[in-house]
Amino acid sequence: MAEIRIELRDFDKNTLGDLDITSSDEFPLSLTYQNFDIRDFNSRNGGFSKTFKVPATKRNNKLLNHIYQDGNMDSKNVRGSLPSTIYSDNIPIVSGTLKITKILKGKDPLEYECNFLSDNMDWASKIKNKDLKELTFDNTSGGGNTGFVFENMQGLSNNARDATTFNANSDKPLFPLLSVGEGVSSRNQVTDADFVPCLYVKNIWDKIFAGEGYVVDSEFCNSEYFKSLIVPLNFEKQSELINDKYGKIQKNDGYVEAAGYSHNNGSINYTPHIGYNNLTVSRRWGYLTDNTNVAARYPFSGNFALDDSPLPSSVSTGNVQTGGSSNYSYLGDHTMVVINETGTHTIKFNIDFRHHRDSNDVSSWQNEKVKYKLRGELWEVDDDLDQDINSFYQAVEDSNNGNNTNTNITRRWDSGTISYTKDGNHDSTENFVGEYTDSSTEVGRKFIFTVSVRMVDYANNNSGRLKFGYQSGTMEVMGNDTINVGEDYSPVQFLLPKGKQSDFVSGISQMFNLQFFTDSKSKIVKVEPYDYFYQDYTQARDWTSKIDYSKPIEDEFINDIKSELIVKYKDASGDAFLERFNKKNDTEWGSYRELNSDGVFTEGTYKVENKYFSPSFNWYEGDYIDQDVGHSFTRRPFIPVYHTKFTNIDSERSVERAEKEFNIGARVLITLPVYAGANQYLSSQSGVRTGYSYNNNGEAVASNAFQTDFCRANFFHLDSAKNSADNNDTFGSFVQLDAGTYNGSTLSLDPNLSFNNITYDFSGQGSQTHIGLYQSFYSKMVEQLKQKPRIKTIYLNLSNTDMAILDFTRLVFIDGNYYRINKIIDFKPHLKQSTKVELVEYVDLGKKEVSSTLVMNISDSLNL
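Just so you know, these numbers come straight off a predicted model, no measurement behind them. (Residues numbered from 1 in each chain as written. Predicted model: local features only at pLDDT ≥ 70, side-chain atom pairs only at ≥ 80, totals over all residues. Heavy atoms only, no water.)

Topic: the overall build of the protein
Part 1 of the reasoning: Each helix and strand in the protein was counted, giving 12 helices and 48 strands.
Part 2 of the reasoning: Looking at the 864 residues of the protein, the share that counts as buried comes to 55%.
Part 3 of the reasoning: A separation threshold of at least 6 residues defines the contact pool for the protein, and within that pool the share at least 24 residues apart is 76%.
Part 4 of the reasoning: Of the accessible surface of the protein, which amounts to about 35,200 Å², a share of 42% is contributed by carbon and sulfur atoms. (Helix = DSSP H or I, 4+ residues; strand = E, 2+ residues; numbered from the N terminus. Buried < 20%, exposed > 50% of the residue type's maximum accessible area, 1.4 Å probe, protein only. Contact = heavy atoms within 4.5 Å. Areas by Shrake-Rupley, 256 points an atom, 1.4 Å probe, with all protein chains shown as cover.)

If you want it as structure tokens, here you go:
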């Protein structure tokens, strides 16, 4: 009977000690190992999870930091995952992590229930419920500035457009041209606001594994091909990005009468003013009496503020500020909203202003007719009002005269003059509601709302009297849900397409048929595509002598795989072009479909669907070519199109597009490196470079600028080969990207993320086929299944040493044939008995061309 022990390691990479177990012969240890179950193409399990109990001995209590005690704060994180290794006769069988899941106790602790995770199960279980937005990103490029700023989208000199700028230490964004709806400009041209930032897949991928303490060892994941993959951000602000830009002033404590003033200094008659104490004024019974046509302005203030700024609201900080020092407390507690962050903001207000006379007025004036005017106004001011009041007066007067040149004090909204003529008692409320959108990148912009009151009583030739004040209302500043040029859009993780980290890993794994093998002890995850995961035949382990012939050998025919095989992306929601294409074609866009009629597989459909990514429709975008300035329609860019409404994009006339919708879901695109010759998009005309009309002002003006060199990111590409001499689009010279070096040979792949092959038919030039993901990553595996559609179940006398050095990347040699390990079931290291093993024959058939393909006629319109 072998001795079993479980060693706990590490709070600081040190050995803590061995757990006491019941006994080796009674310990319920049976280990099942699995890397990739051929019955399920989506399986990427690996390793195992095992639950067992250990007694609450003195040693175990100490090792587990007396976690059983009520009130234990778990300062050593015992309830987390503890690195551990299971030994059999002092041979390390498997390493992983151990977690305490339950404690059973009476007066004293009795036992602990533990969960042991090994191999891929450790990191896979940890990322299963973690959102992608829990990752953190840091862009320290561009002059050492930290953060993500929506800028520098254009130009050959801008290295943000080059896929080769991937940096493992800097999460650098790319800005490819994507069509997500109608353009910003009213003309058929592109502005900076039409670009969408993207992150490298590898930056996201590496962070997921690094977050669990693992490093990926992979030729493929370090290749030029993998580093060229990017994910477009959902470029609308999520609640986490908007909140710290929000501030609100609210008045809900009922009517408060404003101070009334009369002007008695003839030298400044007709000067609009706010009735502050630094004017020469006399107060008269709380009424405004003014025969000189002077308007007094009263700022709205509230009794309550809501401020999501990291800085608290006060006299001079936060998104809500007082608007004056303590010497001017009559301004109210909250008078001013402030833009403290870059980007577009909206100032909204909805304010009720009460104006009235009643029987409590002096009786001799009670029935006089009164004429007056009100005007609601939103002002941008440059400082606290009491610090620069004279400048404010001057700007107000100049604004009324139409010649204000003070850009720091500007009237941004006004209701227009509202006139009243009232006899005797009356009680009225005027509602002022509106908004102003501010797109400046400057921070510290301050806004107040005022109502001006102007008495006009010429009919009676007497002083008018009026009571007035604010009844209720709100004034708020909020960051818009769109992001504008020059704006910082960090923290960028909130703009990633929604999903779990496990969904992202699964999505990438399904695209490239990735296989995983984890060394839990070294924290290294070995990852390669199926065809390159398994080592050469010369590295195979010979297990022929280990066969236990006392138990039957079974060949199980695989009935899980069906005669119709479909490998596809996740269906996209609200993508009109994909929906249109899929309704009119047998094979969905980006999918591969194969029918096997030779009887190898049973009847039915077997679908391998991506859990996270949807495909991207690519075609020529005519809405970005301004033909009025001499730009030919044949030069339109071939780019991803994400529209919620279908339109005829082949029309040479301007066709109204769907509204912009940046929430395009999870997509993946592939970029191309920029070389000295600059690869070009192929046009429908030989020798013609494609691009787009560009105008950096976003105005309704014609642009003669035509941009042919820009960051290219597509679902598939039509670009020329990558060499410095290639400045044209000569047919047949296409880009391929290096996907790793295997057995001394470099693997080069077409930049085509469709599972299906795509054949381009160029008028008068012939055709060219770009190989899709199925032929590159799945066809060899499926061909092996067609040759030997069975799983061999055999019992082998595996030793502890065999399991300690188990490596799923190495094939197994048995009786003249080579196999990959599908599963090792219930290995019991403490018992001397054979173990059930599932094997799948591994035949190197090489790549096989597939018959299914999408034919695209470049010179004609796509049949939609």
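Let us keep going from here.
So, unusual backbone geometry
Part 1 of the reasoning: In this structure, N743 takes a positive phi of about 50° despite not being glycine.
Part 2 of the reasoning: By the secondary structure assignment, N743 is in the loop between β40 (737–742) and β41 (745–749).
Part 3 of the reasoning: On the basis of relative accessibility, which here comes to 72%, the residue N743 falls in the exposed class.
Part 4 of the reasoning: Positive phi values are uncommon outside glycine, yet D826 reaches one of about 55°.
Part 5 of the reasoning: Assignment of secondary structure puts D826 in strand β46 (residues 817–827).

Thoughts on the sheet that holds strand β28 (residues 524–529)
Sheet strands line up and pair through hydrogen bonds in the backbone, either parallel or antiparallel.
Part 1 of the reasoning: Here 3 strands make up an open sheet; going across it, the order is β9-β28-β27 and the pairing mixed. Every other strand in the sheet has two partners, leaving β9 (215–217) and β27 (514–519) as the edge strands with one partner each. The average undirected angle you get between the axes of adjacent strands in this sheet is 30°.
Part 2 of the reasoning: Here β9 runs beside β28; their pairing, made up of 3 bridges, is parallel. What sits directly across from D217, in β28, is K526.
Part 3 of the reasoning: Against the sheet, helix α3 (residues 201–210) touches β9, β27 and β28, its axis set at about 30° to β27.
Part 4 of the reasoning: Relative to β27, helix α7 (residues 501–512) is tilted by about 125°, and along the sheet it contacts β27 and β28. (Pairing = 2+ DSSP bridges. Axes fitted to C-alpha atoms, helices over the stretch in contact; angles between N-to-C directions.)

Notes on the packing of α3 against α7
Part 1 of the reasoning: Closest axis-to-axis distance for the α3/α7 pair is 11 Å, and the angle between their directions is 125°. The orientation of α3 with respect to α7, classified from their angle, is oblique. For the pair α3 and α7, the sense of crossing is left-handed. For the pair α3 and α7, contact is made by V201, I204, W205, I208 and F209 and by Q501, F504, V505, I508 and S509, respectively. (Parallel < 35°, antiparallel > 145°, perpendicular 65-115°, else oblique. Left-handed = near helix turned anticlockwise from the far one by under 90°.)

Section: the pairing of strand β44 (residues 790–796)
Part 1 of the reasoning: Most of β44 sits inside the fold, with 5 of its 7 residues counted as buried.
Part 2 of the reasoning: Pairing geometry for strand β30 (residues 554–557) and β44, over 4 bridges, is antiparallel. Note on β44: the bridge partner recorded for E556 is I791.

Examining the pattern of salt bridges
Part 1 of the reasoning: In this structure the tally under the stated criterion is 26 salt bridges.
Part 2 of the reasoning: We note a salt bridge from R445 to D438, for which the minimum N-O separation is 2.7 Å. Across this residue pair, the class does not change: R445 and D438 are buried.
Part 3 of the reasoning: Between K568 and E588 there is a salt bridge, with the nearest N and O atoms lying 3.6 Å from each other. With a gap of 20 residues between them, K568 in strand β31 (residues 562–568) and E588 in the loop between α9 (576–584) and β32 (592–595) connect regions that are remote in the sequence.
Part 4 of the reasoning: Salt bridges linked by common partners bring R375, E377, R411 and D414 together as one network. (Salt bridge = Lys/Arg side-chain N within 4 Å of Asp/Glu carboxyl O.)

Some points on the sheet that holds strand β39 (residues 713–714)
Part 1 of the reasoning: Spatial strand order, β8-β10-β36-β39: 4 strands in an open sheet with antiparallel pairing. Single-partner strands in this sheet number two, and they are β8 (198–200) and β39.
Part 2 of the reasoning: Inspection of the sheet shows β8 paired to strand β10 (residues 229–232) by 3 bridges, in the antiparallel sense. Its bridge partner being in β10, L199 is matched across the sheet by V231.
Part 3 of the reasoning: Packing of α3 onto the sheet brings it into contact with β8 and β10, and relative to β8 it is tilted by some 55°.

Section: the environment of I127
Part 1 of the reasoning: Tracing the backbone through its elements, the reader meets I127 in helix α2 (residues 120–127).
Part 2 of the reasoning: Each C-alpha atom, one on I127 and one on K500, is 7.4 Å from the other, the two residues being 373 residues apart in sequence.
Part 3 of the reasoning: Those residues in contact with I127 that lie beyond four places of it in its chain are I208, E212, Q501, S502 and V505.

Here we look at the nonpolar core
Side chains of a nonpolar character, in soluble globular proteins, are inclined to be buried together.
Part 1 of the reasoning: Ranked by internal contacts, the top residues of the largest apolar core, which has 158 residues, are W205 and F504.
Part 2 of the reasoning: Ignoring anything within four residues of it in the chain, the contact list for F504 reads L132, V201, I204, W205, I208, V231, Y612 and F613.
Part 3 of the reasoning: With 29 residues, the next largest nonpolar core counts Y298, V370, Y372 and Y436 among its residues. (Core = buried A, V, L, I, M, F, W, Y, C linked by side-chain atoms within 4.5 Å.)

Observations concerning α3
Part 1 of the reasoning: Counting buried positions along α3 gives 7 out of 10 residues, so the element sits mostly inside the fold.
Part 2 of the reasoning: Looking only at α3, the buried set comprises V201, K202, N203, I204, W205, I208 and F209.

Some thoughts on the state of the cysteines
Part 1 of the reasoning: Going through the model one piece at a time under the given rule, you end up with 0 disulfides.
Part 2 of the reasoning: Looking at C198, it has no disulfide partner, and the nearest cysteine sulfur is the one in C711, 7.2 Å off. (Disulfide = S-S within 2.5 Å.)

A few points about the confidence of the model for the protein
Part 1 of the reasoning: Looking at the protein, pLDDT values average 78 and 77% of them are 70 or higher.
Part 2 of the reasoning: Across the protein, the secondary-structure element scoring lowest on mean pLDDT is strand β15 (residues 281–282), at 30, and the one scoring highest is β10, at 95.
Part 3 of the reasoning: Segment residues 141–145 is flagged for pLDDT under 50; beyond a separation of four residues in sequence, or across chains, it makes 4 contacts in the model.
Part 4 of the reasoning: Here residues 260–293 is modelled with pLDDT under 50, and outside its nearest four sequence neighbours on either side it reaches 88 contacts, counting other chains as well. (pLDDT = per-residue confidence, 0-100.)

Describing the environment of G740
Part 1 of the reasoning: With respect to the secondary-structure elements, G740 resides in strand β40.
Part 2 of the reasoning: Exposure remark for G740: the relative accessible area of 7% places this residue in the buried category.
Part 3 of the reasoning: It is 9.8 Å that separates the C-alpha atoms of G740 and E528, two residues lying 212 residues apart in sequence.
Part 4 of the reasoning: The contacts of G740, once residues within four sequence positions are left out, are E219, S223, S745, T746 and L747.

Points about the packing of aromatic side chains
Part 1 of the reasoning: Under the criterion given, the structure shown has 52 aromatic pairs.
Part 2 of the reasoning: Note that R354 overlies the ring of Y255, its terminal NZ or CZ placed 4.6 Å from the centroid.
Part 3 of the reasoning: Lying across the ring of F646, R580 places its NZ or CZ 4.1 Å from the centre. (Phe/Tyr/Trp six-rings, centres within 6.5 Å; stacked < 30°, edge-to-face > 60°. Lys NZ or Arg CZ within 6 Å of the ring centre and 35° of its normal.)

With respect to helix α11 (residues 779–787)
Part 1 of the reasoning: Within α11, 8 of the 9 residues are buried, which leaves it mostly tucked inside the rest of the structure.
Part 2 of the reasoning: Those residues of α11 that sit buried are S779, K780, M781, V782, E783, Q784, L785 and K786.
Part 3 of the reasoning: In this fold, the buried residues of α11 make contact with α8 (530–533), β31, β32, α10 (773–777) and β47 (835–841).

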